[in-house]
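Remarks on the overall topology
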Amino acid sequence: MPQATDLIDVHHHAIPPAYAQALGDRVAIPGVDYPTWTPEESLEVMDRHSIAASVLSITAPGVTFADRDEARHLARQVNEYYAELIARHPARFGAFAILPLPDVAAAKDELAYAVDELGLDGIGLLTSYGNRYLGDPEFEPLLAEIAERGLPVHVHPGTPPAKDLAAFDLPPSLYEFTFETTRTVVSLLFNGVLERLPHLKLIVSHAGGTLPFLAQRLTYGPTIGKYLTERAPSDVIASLRGLYYDIAMSANPYALPALTELAAPDRILFGSDFPFMPAAHTTENVTGFATYPGWNDQQRTAIGRTNALQLFPRLAEQLRGTV
């Protein structure tokens, strides 16, 4: 495998013991083989692939399967687990705090605790909660507080609120996750959230789903329907270029050319999607990242490491001088 820079992995999942116990026998993501996980497994994969540090997150369904009080308690348990793990491995792990949405008041309380008391590195959100995507007005006060704090937000897709055609009978993560990312960003675009919160540091998963392919099409809103004239962003492409994009499951010759036409190298971040994608895929994604001909060495270093360190100052301090 070609040598890569010491990478920072911003799309790396954890399954804390309390979370696994609470999830129990529930179907987390339909059709998906739910993996086992330990920190030691992550560290072994990281060491094998020149990954200096990983920023951990909970994937779908987050804590949405729990009732209101249980969700608050479980989010607290997960975030405290993260803090304990980071204390043991401060230069190897960071974490995106999980919030007990769709309860916005409880989410704001947990945000304050996770960041101010536990010192976690950012916030992890799903693309939708219930039947509402992140552009829904109910979520904007939370997003505004996150933006004001300057925190990075990792947005991970979940199972669509509306069920797919029964004839498909395929896991939503196989293809629907990419559309969920697109749906939530479009909701943020056409509800004006990205323009009102220009400093919101959103990291969208899997090379932005279908956003690179649809970017120009999304500029045609008012052409298709004049009622969108007032709702359309002043510059759709600029808003999309203001997002960050991880390349989990996407460091390949089909996805990267489209992404790199849309996003500048300083807006792209490395991701592995371990352990929901196995170690063999981490090898594949690192190789695709290291050999993609569209980046020079300086850009590759930025995408693999320095862009992330600018977003995560605690990790940057821990890793100072290690490369």
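Only a predicted model underlies this, so the values are computations on that prediction, with no experimental measurement involved. (Residues numbered from 1 in each chain as written. Predicted model: local features only at pLDDT ≥ 70, side-chain atom pairs only at ≥ 80, totals over all residues. Heavy atoms only, no water.)

As for the packing of helix H12 (residues 279-291) against helix H13 (residues 297-311)
A pair of packed helices is characterised by two quantities: the angle between their axes and the separation of those axes. In the contact formed by H12 and H13, the axes pass within 10 Å of each other and the chain directions differ by 145°. The residues of H13 that touch H12, namely those facing Phe-289, Ala-290 and Thr-291, are Arg-300, Ile-303 and Gly-304. Looking at side-chain class alone, the contact of H12 with H13 contains three nonpolar, two polar and one charged residues. (Axes fitted to C-alpha atoms, helices over the stretch in contact; angles between N-to-C directions. Helix = DSSP H or I, 4+ residues; strand = E, 2+ residues; numbered from the N terminus. Contact = heavy atoms within 4.5 Å. Nonpolar A, V, L, I, M, F, W, Y, C, P; charged D, E, K, R; others polar.)

Things to note about empty space enclosed by the protein
All chains considered together, the criterion is met by one cavity of 30 Å³ or more. Roughly 130 Å³ of volume is contained in the largest cavity. Residue assignment for the lining of the largest cavity shows that the elements contributing at least two residues are strand E3 (93-98), strand E4 (122-126) and strand E7 (152-156). Looking at the lining of the largest cavity, the element that brings in the most residues is E4, giving three residues. Across the lining of the largest cavity, the residue classes tally to nine nonpolar, seven polar and no charged. (1 Å grid on protein atoms, 1.4 Å probe; cavity = no way out; pocket = protein on both sides within 12 Å on 5 of 7 lines; lining within 4 Å. Points joined across faces, edges and corners; volume = space filled by probe spheres on them.)

Here's the deal with the environment of Asp-136
Checked against the element boundaries, Asp-136 lands in the loop between strand E6 (132-133) and helix H5 (140-149). Since its relative accessible area comes to 21%, Asp-136 is described here as partly exposed. Spatially, the C-alpha atoms of Asp-136 and Val-193 are 8.9 Å apart, while their sequence positions differ by 57 residues. One polar contact links the side chain of Asp-136 to the main-chain amide nitrogen of Glu-138, over a distance of 2.9 Å. (Buried < 20%, exposed > 50% of the residue type's maximum accessible area, 1.4 Å probe, protein only. Polar contact = N/O pair within 3.5 Å; in protein donor to acceptor, adjacent residues only side chain to side chain.)

Here we look at the pairing of strand E2 (residues 51-57)
Most of E2 sits inside the fold, with seven of its seven residues counted as buried. Alignment of strand E1 (residues 7-13) against E2, held across five bridges, turns out to be parallel. Each bridged residue has a counterpart across the sheet, and for His-12 the counterpart in E2 is Leu-56. For E2 and E3, the ladder comprises three bridges, and the chain directions are parallel. The partner of Ser-54 across the bridge, within E3, is Phe-93. (Pairing = 2+ DSSP bridges.)

Digging into the pattern of salt bridges
Going through the model one piece at a time under the given rule, you end up with 14 salt bridges. Note that Glu-110 is salt-bridged to Arg-76, the shortest N-O span being 2.8 Å. You can see Glu-110 sitting in helix H4 (residues 104-117) and its partner Arg-76 sitting in helix H3 (residues 68-88), a full 34 residues away along the chain. What makes Glu-110 buried here is its relative accessible area of 4%. Judged by relative accessible area, Arg-76 falls into the partly exposed class, the value being 29%. Among the ionic pairs, Arg-196 bridges to Glu-140, the shortest N-O distance being 2.8 Å. Of this pair, Arg-196 sits in helix H7 (residues 193-196) while Glu-140 sits in helix H5, and the two are 56 residues apart along the sequence. (Salt bridge = Lys/Arg side-chain N within 4 Å of Asp/Glu carboxyl O.)

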